[in-house]
Each structure stands twice: as structure tokens, then as C-alpha cells.
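Listed here are the chains, written in short residue letters.
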Amino acid sequence: MNNIIEVKNLCKTINKTEIINDISFSVAKGDILGFLGPNGAGKSTTIKMMLGLVKPTKGKVELCGYDIVNSRAEALSKVGAMVEAPAFYGYMTGYQNLELYADLYGIDKARIEEVLALVHLTDDKNKKVKKYSLGMKQRLGIARAFLNKPEIIILDEPTNGLDPVGIIEIRQIIMALAESQNVTFIICSHILGEIAAMCNKVIIINKGRIVSYGPVNELVSGAGCNTLEEYYIKALGIDKIG
Amino acid sequence: MVKLLKIEFRKMHNSGLFLAGFAVVTLICLGISAIELSAKGFGIKESSYTDFMIYNATFVVVKFFAPLLMVLLAASVWGSEYANGMTKTFMLCKCSKSQFYISKNIFLLIMCAVISVLSFGVLTAVGIIRDSAGNTGAGDVWNMAKVYMLSAAGLIPITLITVLASIFLGDFQKSFACGLVVLLLSIAFDSVGAGSYLSPTHFLSCSPLTFYGTEKPISYAVLAAYIVILYLVGLFSFRKKDIWS
């Protein structure tokens, strides 16, 4: 089994406080990995370290065999990501925003049309982004993550602001890409039902440590639970969610 | 890096800032020229092109308006992009932090040159038109261009100070305020006299006559040191800094 993502002993300390404490995991090509945890658990920090935005205090991240710290450009050339709320230039159209990234990657303009169609934004491509709704910005962020035909896609709360139909569409796109093109996904979400429906593996993180990691079905059935939500409550040792 | 530089220009073009910037620089220069032409007893009303350029309008532009525009632009290119998450977004692409830093600063350097050339062009046009004797030669313009551009080199340190503030503060308003405070303090320090060559805006503030041979070589070394140190500290800080938002 080829691991396309390797995270080894990742630590982050800020002002002597350990935010992330010795996190290690690997993801195989074509996996859809759900990244779960309560607010402040360290999900976003881990994702940011994996993408080279934040430097780890200790540990190592390899994406497609490239070290994110030492070979940042090579590692990120095969990655598409959307971290937290997607940012765009409001005074530019959706198409113009994607064009900036297409030029940076040397991507054909036809690919822009392709990804816009994928997220159903073709009709609104010439609208200025400042006139987009939250859901449309979210779709455009996902389109940008898909733009460079990445081998790894990391999405932080991809269904934020989407209506129920939009959530199902994004789920279908993710599952189709993973199956047909063997794209690897890491998805952070608070919607446990979404993670259960999409992901074949899951990591639950709390207070900067991995609490649970493995195939969703094995973890849930192994703990004698019926749903991922039930398992999540059990793994975190809490009474209920929220 | 060329691609990143192109992106900066495209952003500027799409935002309409090129047109706005062109209009602002031209109007400021024309406005100052108009005030100077109409205000009797204000400054020295010389009629020759060289005297007009040296004593009157030009150095109001170079000393204050051009650095103010550069502080605004640097805070916008760096601070504002940090704050709205665009720096983070670009850092998710396959470009190194150094390439990103260098391309943005080359863009700012080009804008320094554009503002300087544009303002010089407008003021030269006004200066030649008002030259009642009509004896301005190409040599006069060339000599003044050299002096003007040397003065404009003083724009680089104040621009880099604002860039550095943006990297540390990650916010447009704070970065702009920081750049503005340094600019004003530096201009005040320039008027002190002894030791004024140590200020980052010394070249902007000193009289053009000082470039005709009396300027101390140490001031050139100080300018070069400011540029190199600020540039390297900015690069090092940006490479080291975590991008959280």
C-alpha cells in the first residue's frame, strides 16, 4: 500500500503550551479521511502544518514523498486545499479569481470552465465575487482546490454555508473523484453524518492528541456502536455533542 | 516568480488601482503646480524650469505625497492581503515564501519607479510650459531627472518599513498607521540638521542642491544599508512567520 501522506511525530508548541502533541498517521492513495474533533482540538493547526502554513516545532510531514518544510513547492504542486473560509478578491469575477491560480500553475483555461461546471458556477462565473453568497464562495473555493488536478485534496469544512442539495452534490463530487481518479481527500467537518457517508477512514483528535484513528466501519463496530456519532461521543468521553 | 509578479499587476489592473493611482499622482502634481503658480509670495517664484523644479512644486511631491502613496500601497499589498486571507491562499500554491516575498517587493519597487517617473513627467511638463524665457534644454531636463530619481530612492526604505510592519502586524490599518508614523517622525528628524542623514527619508527631504556635490558619501551608505537590512529582515521574518489566518 502506497502512503501518499505521512505525518510523523508532529508537535507544535506556542508560548510553552503544547497545541499539538506527537501526532502520527498516514493516508493511502484514494482514501477519504475524515478529521474530527471538538473546537480547539488542533484540527486546523494540524492541517496548517501539513500544508506548510505553520512550522511544526517537531516532526515531519511528507506529501507525495516530498517534505513540506524542505521541498514546499514540490509537495504543494500535487495538493489542492481550502483552509477555513475561502478568500477571494471581491472586485474580481469568479472566473478571474481562478484565472490567477491557473496562470500560476500553467493550467489551460478550459480547466477553469471544467471546475466551474463541476461546482455549478458556470452561470455565475462573470459575477464579481463580492456579490456571491457564502455557499457560492464555498463552491468557488472547492473549484480552486480542484483546479490543478491534485493528487491530494484537503478541505476544511467544505460544506459550510451550502444548502442540503449543495452538501449532497459536494459529497458526490468528492466520492466520484476518489473513486475514478484515485484522489486522496482529507476532510475536516463538524457534520458527523457527512463524514460517515463520505469517509472510509477517520481520525478523532482532542487536546492536540489523536484519540482514535482507523477505518470508520471497524472503529464503530469494534466499539459496539451503531453510528459514528455514537462512537465519537464514546471516544471523547463526553455525554452528548454540543 | 514572473508569474507571481504578473498576478500582482493583474490584481492592480482589475481593481482599477492603476487608473486611480495615475489620476491621483497627476492631479496632485497639477494641483500643487496650480497652487504654486497662483500664490504670490509663496516660495521663490522663479520662471526657469530648473528653479521651478528645485525650489517649488517638485519636492513637496517627493517629500510627502509620493511616500504617502507608497505607504498606502505597501500596506495594501501586504497588510490587507494578510488580513483578508489571500496571503494564506497563495501560500497553499506551489510557490516558495521567498518567491512570494521577492515578487511582491519587486512590484512595489516598480510602483516606486512609476510614481516617480509619472510625477516627474507631469511636473516637467508644467515647468517647461511656465518657463517664460522658453530656454529649457534637454540637458536641463536630464540633470533634473537624475536629481529627482536620486531623491525618489528615498521612497524605498519607507516602503520596506511598511512591508515589515505588515508582516509583523498582518493588518492594513495598523501597517499603514505604522508606516505613516515612521514617515512623519523621519521627516521631522530630517529638519534637525546634524545627523539627519541617518533618517530613512533623508533623500526625500534633502534639498536637490545637496546632490550637486555637497551630499556626504556616508548618506549614500546609510540609504544602501537601510534598503539591504530592511529587505533581508523582511525576507527572514516572512519565511519564519507562521500563517494562521
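Undergrad: Explain the nonpolar core here, please?
TA: Across soluble globular proteins, nonpolar side chains show a tendency to be buried alongside one another. If you look at the biggest cluster of nonpolar residues, it comprises 86 residues, and the most contacted ones within it are L33(A), A143(A), I154(A), F185(A), I187(A), V202(A) and I203(A). It is helix α5 (residues 134-146) of chain A that provides the largest number of residues to this core, a total of 6 residues. Two domains each donate at least three residues to this core, and these are domain 1 (3-78 + 152-236) and domain 2 (88-149) of chain A. With 51 residues, the next largest nonpolar core counts V25(B), L69(B), V77(B) and Y82(B) among its residues.

Undergrad: Quick question: what am I supposed to make of the interface of chain B and chain A here?
TA: Put simply, an interface is often sized by how much accessible area is lost when its parts join up. Taken together, the 21 residues of chain B in the interface contact 20 residues of chain A. Top contributing element to the side of chain B that touches chain A by residue count: helix α1 (residues 2-15) of chain B, with 7 residues.

Undergrad: Honestly, the sheet that holds strand β4 (residues 58-63) of chain A in this entry has me stumped. Any pointers?
TA: All names here are of chain A. If you walk across this open sheet you meet the 4 strands as β2-β1-β4-β5, and the pairing is antiparallel. At either margin of the open sheet sits one strand with a lone partner, and together these are β2 (17-28) and β5 (66-67). As paired elements, strand β1 (residues 3-14) and β4 share 5 bridges and run antiparallel to each other. For I5, the partnering residue across the bridge sits in β4 and is L63. Where helix α1 (residues 43-50) meets the sheet, it contacts β1, β2 and β4, and its direction lies at approximately 120° from that of β1.

Undergrad: Which parts of the structure should I look at to understand the sheet that holds strand β10 (residues 209-215) of chain A?
TA: The strands making up a sheet are joined through hydrogen bonds of the backbone, oriented either antiparallel or parallel. All names here are of chain A. Taking strand neighbours across the sheet as the criterion, the 6 strands line up as β6-β7-β8-β3-β9-β10 in an open arrangement whose pairing is mixed. In this open sheet, the two edge strands, each paired with only one partner strand, are β6 (79-82) and β10. Within this sheet the neighbouring strands show an average axis-to-axis angle of 15°, counted without direction. Here 4 bridges tie strand β3 (residues 32-36) to strand β8 (residues 184-188), and the two strands are oriented parallel to one another. By the bridge assignment for β8, L33 is matched with I186.

Undergrad: What is the right way to look at the environment of L100(A) in this model?
TA: Within the fold, L100(A) resides in helix α3 (residues 94-105). Put simply, L100(A) and I186(A) are 86 residues apart on the chain and 25 Å apart in space, counted from C-alpha to C-alpha.

Undergrad: Is there a simple way to think about α5(A) in this case?
TA: An α-helical turn contains 3.6 residues, so any two residues separated by three or four positions project in the same direction. All names here are of chain A. If you check α5, its first and last C-alpha atoms are 19 Å apart, about what 13 residues at 1.5 Å a residue would give, namely 18 Å. When you tally the buried positions in α5, you get 11 out of 13 residues, the bulk of the element. All buried positions along α5 are accounted for by M136, K137, Q138, R139, L140, G141, I142, A143, R144, A145 and F146. Buried residues along α5 sit against β6, α3, α4 (109-118), β7 (152-156) and α6 (164-180).

What counts as what
- Residues numbered from 1 in each chain as written.
- Chains lettered and ligands numbered in written order.
- Predicted model: local features only at pLDDT ≥ 70, side-chain atom pairs only at ≥ 80, totals over all residues.
- Core = buried A, V, L, I, M, F, W, Y, C linked by C-beta atoms within 7 Å.
- Buried ≥ 20, exposed ≤ 12 C-beta atoms within 10 Å, placed from the backbone.
- Helix = DSSP H or I, 4+ residues; strand = E, 2+ residues; numbered from the N terminus.
- Domains from an automatic or database assignment.
- Contact = placed C-beta atoms within 7 Å.
- Pairing = 2+ DSSP bridges.
- Axes fitted to C-alpha atoms, helices over the stretch in contact; angles between N-to-C directions.
- Expected span 1.5 Å × (residues − 1).

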